[in-house]
Amino acid sequence: MSSTARRSSPRGVALALAPEDCSLLVSTLSVVSIAARSKWLPAPPRRRLLLRRGNCILVVAGNELLLWKRVVSGVQPTGMVHLGNYLGAIKNWVALQDLYETFFFIVDLHAITLPYDAPELSKATRSTAAIYLACGIDSSKASIFVQSHVRAHVELMWLLSSSTPIGWLNRMIQFKEKSRKAGDENVGVALLTYPVLMASDILLYQSDLVPVGEDQTQHLELTREIAERLNNLYGGRKWKKLGGRGGFLFKVPEALIPPAGARVMSLTDGLSKMSKSAPSDQSRINLLDPKDVIVNKIKRCKTDSFPGLEFDNPERPECRNLLSIYQIITGKTKEEVVSECQYMNWGTFKTTLADALIEHLQPIQARYEEIMSDPGYLDNVLSEGAGKASEIADITLNNVYQAMGFLRR
């Protein structure tokens, strides 16, 4: 090759190529051999898909040949996505779709682990999908779909369940908390086993990275343990003897924790996470809240009697939470927020925060109404996303069936 070089970076090694060499390289090397020569790197915003083979994505960015990392994440179909969902996940996804191959989905199967309103489920699913799109998820960059529309999620969950020790599930903190509140007679088996479905959601797509809040790392660690267990039980030479390619069945994913906004707290308790399950709607800002509701909620939110405003005082959780919300909404640095707000009183800051929220959310609300008024558009987006997801999920599922000894279809 005329001008091939290797360039190291904190995230791996890329192959730097002259443009005329790219087609030659692809025609003479398999994606697998390319993977052995370079690390999995995120593609920069300007990229060109060169080759897709199985779970490997080869892209050209400028004069570099890169293997593209894959990110998956989902959210429950509440129909009323709140600020915590947006700042902790969706807003970060908008940036991620330019850096990675992304799969975002509405986890309607997870929504039935606790008692729910069946007639409202499909409505909430459509509404949540529309909010994704209104917040900036671009269906030309990311695959957005409904979890139940890709049946491989449930099939793989069952296969994973056969090798997941019950003790691993009993230690899940969220199960303990929810079952204690609801009582054994009101808790279905799905509440215990849904972490296995979550593992299926991730492992189906051979995910490299999973955006998680700090309170979700336990579930991701379980996913990693399940992947490693199945790889050891059925992968490698055992799989090869059954006619498979051998090697690992699953890629073991890593956590992608946003540096800020990963955990937005309640407006009524700075030590509790903002949640749709909180009994008071006053505890959260919903993305579709009208202006007057936003103003009222911020006006009434819990504060303290300390002078001035500051991020890092452990005795002021509400102050830290509100300043963090303002920082993320405005796109300012922590230092810029401190410089602007440290001498404000609560009344002045609350007005400033409410105005910033309204300004930020108004375009999202307008776009949401536009999407919901065109059901055909939304159906097409979800159908295309499910189709793309199924292509990858079916490869993984068929490999697992083969490695576990099932008669091939």
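Look above for the structure.
Throughout what follows, the structure given in this document is the object of discussion. Remember, predicted model here, so these are calculated numbers, not experimental data.

## Observations concerning the overall build of the protein
- In terms of regular secondary structure, the protein is built from 15 helices and 11 strands.
- Looking at the 409 residues of the protein, the share that counts as buried comes to 49%.
- Residue pairs at least 24 apart in sequence account for 70% of intrachain contacts in the protein once pairs closer than 6 positions are excluded.
- In the form shown here, the protein has an accessible surface area of approximately 19700 Å², with 53% of it arising from carbon and sulfur atoms.

## Here we look at unusual backbone geometry
- Even without glycine at this site, Gln 206 takes up a positive phi of about 50 degrees.
- Residue placement: Gln 206 occurs in the loop between α8 (189–203) and β10 (209–211).
- Relative accessible area serves as the criterion here: at 9%, Gln 206 is assigned to the buried category.

## Side note on the environment of Lys 291
- Along the chain, the position of Lys 291 falls in helix α11 (residues 291–300).
- The spacing of Lys 291 and Ile 358 is 67 residues in sequence and 6.2 Å in space, taken between C-alpha atoms.

## Re the environment of Phe 349
- Following the sequence through the fold, Phe 349 ends up in helix α14 (residues 346–372).
- The exposure class assigned to Phe 349 is buried, which follows from its relative accessible area of 0%.
- Separated by 41 residues in sequence, Phe 349 and Gly 308 place their C-alpha atoms 10.0 Å apart.
- Not counting the four nearest positions on each side in its chain, Phe 349 is found in contact with Leu 309, Leu 322, Leu 323, Tyr 326, Cys 341 and Met 344.

## Some words on the packing of aromatic side chains
- What the rule picks out here adds up to eight aromatic pairs.
- For the pair Phe 105 and Phe 145, a centre-to-centre distance of 5.1 Å together with 25 degrees between the ring planes defines the contact as stacked. Here the residue Phe 105 occupies a position in strand β8 (residues 101–106), and Phe 145 occupies one in strand β9 (residues 142–146), the gap between them amounting to 40 residues. Across the pair, Phe 145 and Phe 105 agree in class, each one buried.
- Where Phe 145 meets Tyr 205, the ring centres are 6.1 Å apart and the plane angle is 55 degrees; that geometry is what we call tilted. With Phe 145 in strand β9 and Tyr 205 in the loop between α8 and β10, the pair connects residues that are 60 residues apart, well separated along the chain. Accessibility classification places Phe 145 together with Tyr 205 in one group, the buried group.
- A cation sits over an aromatic face here: Arg 229 above Trp 168, 5.5 Å from the ring centre.

Reading the values: rules and limits
- Residues numbered from 1 in each chain as written.
- Predicted model: local features only at pLDDT ≥ 70, side-chain atom pairs only at ≥ 80, totals over all residues.
- Heavy atoms only, no water.
- Helix = DSSP H or I, 4+ residues; strand = E, 2+ residues; numbered from the N terminus.
- Buried < 20%, exposed > 50% of the residue type's maximum accessible area, 1.4 Å probe, protein only.
- Contact = heavy atoms within 4.5 Å.
- Areas by Shrake-Rupley, 256 points an atom, 1.4 Å probe, with all protein chains shown as cover.
- Phe/Tyr/Trp six-rings, centres within 6.5 Å; stacked < 30°, edge-to-face > 60°.
- Lys NZ or Arg CZ within 6 Å of the ring centre and 35° of its normal.

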